[in-house]
Amino acid sequence: MSLIELHDVSHHYGSVCALQGVTVSLQPGAIGMIGQNGAGKSTLLKILLGLVRPSHGTGAVLGRNIRGSGAELRGSVGYMPEAESMVPGLRGVDLVALAGELCGMPRKHALRRAHEVLSYLGLDEARYRRSEEYSVGMKQRLKLAAAMVHDPELLLLDEPTAGLDPDGRDSMLSLLASLATRHGKSLMLSTHLLGDIDRVCSQVVIVDRGRVRGVGRISDLRAEYRGRFRLRWSGAATAFLESLRSGGVAVTVNGRPDECIAEVPEGWPTRRFFELARRDNFTLREVHPQEEDLEAVYHRLIQT
Amino acid sequence: MPIELTGYRGWEGKPRGSWRSVWAIVRSGVLMILRRWVFWLLIGLGLLNFIFNFAFIYLKATLTVQNEGMAQFLDNYQVTGTGEAYANFMQAQASITALLLAFAGASLIGADYRQGGMVFYLSRRIERRHYIVGKLLTVATIVTMITTLPALLLFAQYGVLSKSLDYFIDNPRIIAGIVGYGAVLAIVQSLLLFAVAAWVHRAVPLVMCWLGIFVLLEALGSAAREINDNRTWLLLGIWRDMHRLGEWCFGAREASRPPTSAQCAAVLAGVCVVCLIVIVRRVRAVEIVR
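Residue numbers run consecutively from 1 along every chain, following the written order of its sequence. Working convention: letters from A go to chains and numbers from 1 go to ligands, in the order in which they are written. Two thresholds apply to this predicted model, a pLDDT of at least 70 for residue-level local features and 80 or more for giving and counting side-chain atom pairs, whereas whole-chain, interface and lining totals are computed over all residues. As a rule here, side-chain values come from all non-hydrogen atoms in the structure, and water together with hydrogens is ignored.

## Let's talk about the overall build of chain A
Quick reminder of the rule: Where helices and strands are cited, they refer to DSSP runs of H or I of at least four residues and of E of at least two residues respectively, numbered from the N terminus. With the radius of gyration taken over C-alpha atoms, the globule rule is written as 2.2 Å times the number of residues to the power 0.38. Type-normalised accessible area, obtained with a 1.4 Å probe on protein chains alone, sets the label of each residue: buried when under 20%, exposed when over 50%, and partly exposed for intermediate values. Working rule for contacts: check all heavy atoms of both residues, and any pair within 4.5 Å makes them a contact. Computed by Shrake-Rupley with a 1.4 Å probe, the accessible areas treat only the displayed protein chains as cover when residues are assessed. Neither His nor the chain termini are counted; the positive set is Lys and Arg, and the negative set is Asp and Glu. Charged side chains are reduced to one point each, which is NZ for Lys, CZ for Arg, CG for Asp and CD for Glu.
From N to C terminus, chain A includes eleven helices and 14 strands. Against the 2.2 N^0.38 benchmark of 19 Å for 304 residues, chain A shows a C-alpha radius of gyration of 24 Å, more extended than a compact globule. Principal-axis analysis of the C-alpha atoms gives chain A an extent of 80 × 45 × 35 Å. The proportion of buried residues among the 304 residues of chain A is 56%. Restricting to contacts in chain A with at least 6 residues of sequence separation, those with at least 24 account for 66%. Surface accessibility of chain A: about 12,800 Å² in total, with carbon and sulfur atoms responsible for 46%. Distance between charge centres in chain A, computed from 38 positive and 36 negative side chains, equals 2 Å.

Here's what the structure looks like:
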């Protein structure tokens, strides 16, 4: 069963189109969501939380219809918002227990579970302090504790590392990775920090101006780019480059006279570079497959 | 403070219905008020009034045994035991409650808008209606704790310390009055507070609005009545309307000229409906994702 299944989902705020024709099928695991401000990420999160009924389209989260199963849906999903979400005057443990009760847990279970979760997140010593006295990093952990107290199958995390120092960020990312890999939780991470997604997530959704520009496993999206090589040589390369072009390779020379980027057609074997070089009596010094980082994938998909 | 998920255990219980969560909202709200010493100053004032009445009933019961003449003398003042006395007691308690709510409203409801409490509540397994009912019940519980509950205790004390338990049988209207007046106070004040705090989130503006509703409107009503020589203007005083309706609950004789109990009830019902519309419009679940 897919974790998230959306089919042709669109949403309009009056005349403004926030989402258009979103069709995705995401498998359980850690999923990153990238997009500029106003791209439609928040609207998508609202739809996934069952807070907004899409203007058009159908879908399901954890097998539950996104239309009309709002509260039930939120019972299986934990949401960690980017903005502060505290009830002033409550101690940390009471806040997390209250979150559990609001998710349908009996009081005793909620309280016991709140102690456990705060302990997992390293807040056991601060659990009896009032939530407004927590530092920024501790508030992030407290929000995460409140999101995972009822042991949801899916965690929706909005900028979970915002405001954290490098150590705190590292701990948070390790925790999220551990939740996904060792404890079988599914995560959807909405963030502007591509490094966070690269480190934690195996799937990604790229949203731009209300449309999904790319979706799937990060490794697969990178694979789409695997037909690019950086070639370096010594000597004159005119004949060699002509041979490449006549073989259907798109060659881009970027400033340096001894280097180019070659985009090869489907089914092009790497050894063919060396065969052509031998034929043209040419010294090819380096054939380097182009490794794309997530940022490059993002920009490439946005541009297309 | 290391993060350590070793030994992580899930929760495998069956979630309860969303309406059960309303109780959690009420409990946390009431506890939040009771944990702040500032609010205890006002709660203490209410307790003082209660203790005064409690002591007076005890004194009267003692004097009835020792000196019946003195007890009859005290009866002339109708400080305890009658519907009017309970109505006056509840009005005094309600004044303290109104003052308490003026300050507590910013923490109970305003903070949900300022500090993300709304996000906290509405991203859980509840709908808007559960949140609204929870918050209204929180305020209503505070009002009941300070007005209705002490009045019922005093009624019980008076009955128990009477010569016979016939007091309970002879005065069912007093119980109805206490419960009815308490309900009027709880419903009107909770709806008004929620509606005002949903617009004005901070304590000082909230106190000013609250005073405006209960004091300024009353003064305006009195002034308009003087100018136009029309007593209907008195209906503007919501505080007076609540007390008039409360007295009706205790079985007070109906006034022949405005404002009548029916008019007061109509005004209060109108205020409640407007407040409810404001509340529903101001609590928007979609705001939880920004």
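## Observations regarding the environment of Leu142 of chain A
Residue and element names in this part refer to chain A. Relative to the helices and strands, Leu142 resides in helix 5 (residues 136–148). On the accessibility criterion, Leu142 (0% relative accessible area) is buried. C-alpha separation for the pair Leu142 and Arg245, spaced 103 residues apart in sequence, amounts to 58 Å. Leu142 has contacts with Met86, Gly92, Leu95, Val96, Leu118, Leu123, Ser131 and Tyr134, leaving out every residue within four places of it along the chain.

## Quick notes on the pattern of salt bridges
Put simply, the test is: The salt bridge criterion pairs a side-chain nitrogen of Lys or Arg with a carboxyl oxygen of Asp or Glu, the two atoms within 4 Å.
For the coordinates displayed, the defined rule picks out 30 salt bridges over all chains. Here Arg232 of chain A ties to Asp258 of chain A by a salt bridge, and the two come within 4.0 Å at their closest N and O atoms. Residue Arg232 of chain A is found in strand 11 (residues 228–234), and its partner Asp258 of chain A is found in the loop between strand 12 (250–252) and strand 13 (259–263); the two are separated by 26 residues along the sequence. Owing to a relative accessible area of 18%, Asp258 of chain A belongs among the buried residues under this scheme. Among the salt bridges present, the one from Glu226 of chain B reaches Arg225 of chain B, with a minimum N-O distance of 3.9 Å.

## Structural notes on the packing of helix 4 (residues 83–114) of chain B against helix 9 (residues 172–199) of chain B
Residue and element names in this part refer to chain B. Under the convention used in this document: Only the stretch in contact is used when a helix axis is fitted, and all axes are lines through C-alpha atoms; the angle between N-to-C directions ranges over 0 to 180 degrees. Should an angle fall under 35 degrees it is called roughly parallel, over 145 degrees roughly antiparallel, and 65 to 115 degrees roughly perpendicular, with every other angle called oblique. Note on convention: near helix rotated counterclockwise from far helix by under a right angle means a left-handed crossing. Clockwise means right-handed. Only Asp, Glu, Lys and Arg are considered charged, only Ala, Val, Leu, Ile, Met, Phe, Trp, Tyr, Cys and Pro nonpolar, and every remaining residue, Gly among them, polar.
Viewed as axis vectors pointing N to C, helix 4 and helix 9 meet at an angle of 25 degrees, and their least axial separation amounts to 9 Å. Comparing the axis directions of helix 4 and helix 9 gives the class roughly parallel. Remark: the crossing between helix 4 and helix 9 carries right-handed chirality. When its residues are assigned to classes, the contact of helix 4 with helix 9 shows 16 nonpolar, seven polar and no charged.

## Details of the interface of chain A and chain B
Selection rule: Buried area adds together the accessible area that both of two parts lose upon being put together, with accessible area traced by a 1.4 Å probe. In protein, a polar contact means a hydrogen-donor-capable atom and an acceptor-capable atom, both N or O and within 3.5 Å, with residues adjacent in sequence counting only if both atoms are side-chain atoms; elsewhere, any N or O pair within 3.5 Å suffices.
Between chain A and chain B, the contact holds 57 residues from the first and 41 residues from the second. Counting the surface lost from both chain A and chain B, the interface buries some 4,500 Å², and carbon and sulfur atoms represent 59% of this. The largest share of the area that chain A buries against chain B comes from Pro88, Leu102 and Tyr120 of chain A, three residues that together contribute 16% of it. Arg35 of chain B is paired through a salt bridge with Asp94 of chain A; the nearest N and O atoms lie 3.5 Å apart. Counting across the chain A and chain B interface gives 18 residue pairs in polar contact (both at pLDDT 80 or more). When residues of the side of chain A that touches chain B are traced back to their parent elements, those giving at least two are helix 1 (41–48), helix 2 (70–76), helix 3 (92–102), helix 4 (107–120), helix 5 and helix 6 (166–181) of chain A. Ranked by residues supplied to the side of chain A that touches chain B, first place goes to helix 3 of chain A with six residues. Grouping the amino acids of the side of chain A that touches chain B by side-chain chemistry returns 28 nonpolar, twelve polar and 17 charged.

## Side note on the sheet that holds strand 14 (residues 283–289) of chain A
Residue and element names in this part refer to chain A. In plain terms, the rule: The rule for pairing is simple: two strands pair if DSSP sees at least two bridges between them.
Strand order across the open sheet formed by four strands is 12-13-11-14, with antiparallel pairing between neighbours. The open sheet has two free edges, formed respectively by strand 12 and strand 14, since each of these has just one partner strand. If you compare each strand with its neighbour and ignore which way they point, the axes differ by 25 degrees on average.

## Examining helix 7 (residues 148–161) of chain B
Defined as follows: By this rule the span expected of a helix is its residue count minus one, scaled by 1.5 Å.
Given a rise of 1.5 Å per residue, 14 residues ought to cover 20 Å, and the 20 Å separating the end C-alpha atoms of helix 7 of chain B matches this to within 8%. Among the residues of helix 7 of chain B, Thr148, Pro150, Ala151, Leu154, Phe155, Gln157, Tyr158 and Gly159 of chain B are the ones counted as buried.

## Examining the side chain of Ser190 of chain B
Take Ser190 of chain B: it is sitting in helix 9. Sequence-distant contacts of Ser190 of chain B, that is, excluding residues within four places in its chain, are made with Leu136, Val139, Ala140 and Leu185 of chain B.

## Examining unusual backbone geometry
Although it is not a glycine, Asn281 of chain A adopts a positive phi angle of roughly 55 degrees. Mapped onto the secondary structure, Asn281 of chain A falls in the loop between helix 10 (271–279) and strand 14. Judged by relative accessible area, which is 73%, Asn281 of chain A ranks as exposed. Located in the positive-phi region is Asp229 of chain B, a residue other than glycine, with phi close to 50 degrees. Considering the arrangement of structural elements, one finds Asp229 of chain B in the loop between helix 10 (203–228) and helix 11 (238–249). Given the relative accessible area of 71%, Asp229 of chain B is considered exposed.

## Brief notes about the confidence of the model for chain A
Formally: The score called pLDDT rates the predictor's confidence residue by residue, from a low of 0 to a high of 100.
Overall, the prediction assigns chain A a mean pLDDT of 88, with 98% of residues at 70 or greater. Across chain A, helix 3 of chain A holds the top mean pLDDT of 95, while helix 8 (residues 218–223) of chain A sits lowest at 79.

## Some points on the environment of Lys14 of chain B
All names here are of chain B. With respect to the helices and strands, Lys14 occurs in the segment before helix 1 (18–34). Residue Lys14 is classed as exposed on the basis of its relative accessible area of 72%. Separated by 239 residues in sequence, Lys14 and Arg253 place their C-alpha atoms 54 Å apart.

## Structural notes on the sheet that holds strand 8 (residues 186–190) of chain A
All names here are of chain A. Spatially, the six strands line up as an open sheet ordered 6-7-8-3-9-10, and their pairing is mixed. Across the chains shown, the open sheet's two edge strands, defined by having one partner strand only, are strand 6 (77–80) and strand 10 (211–217). On average, adjacent strands in this sheet sit at an angle of 15 degrees to one another, irrespective of strand direction. Bridge analysis of strand 3 (residues 30–35) against strand 8 gives four bridges, and the strand direction is parallel. Counted as the bridge partner of Met33 is Ser190 from strand 8. Helix 5 contacts strand 6 and strand 7 (154–158) of the sheet and is inclined by roughly 165 degrees relative to strand 6. Against the sheet, helix 6 engages strand 3, strand 6, strand 7 and strand 8, with an angle of about 145 degrees to strand 8.

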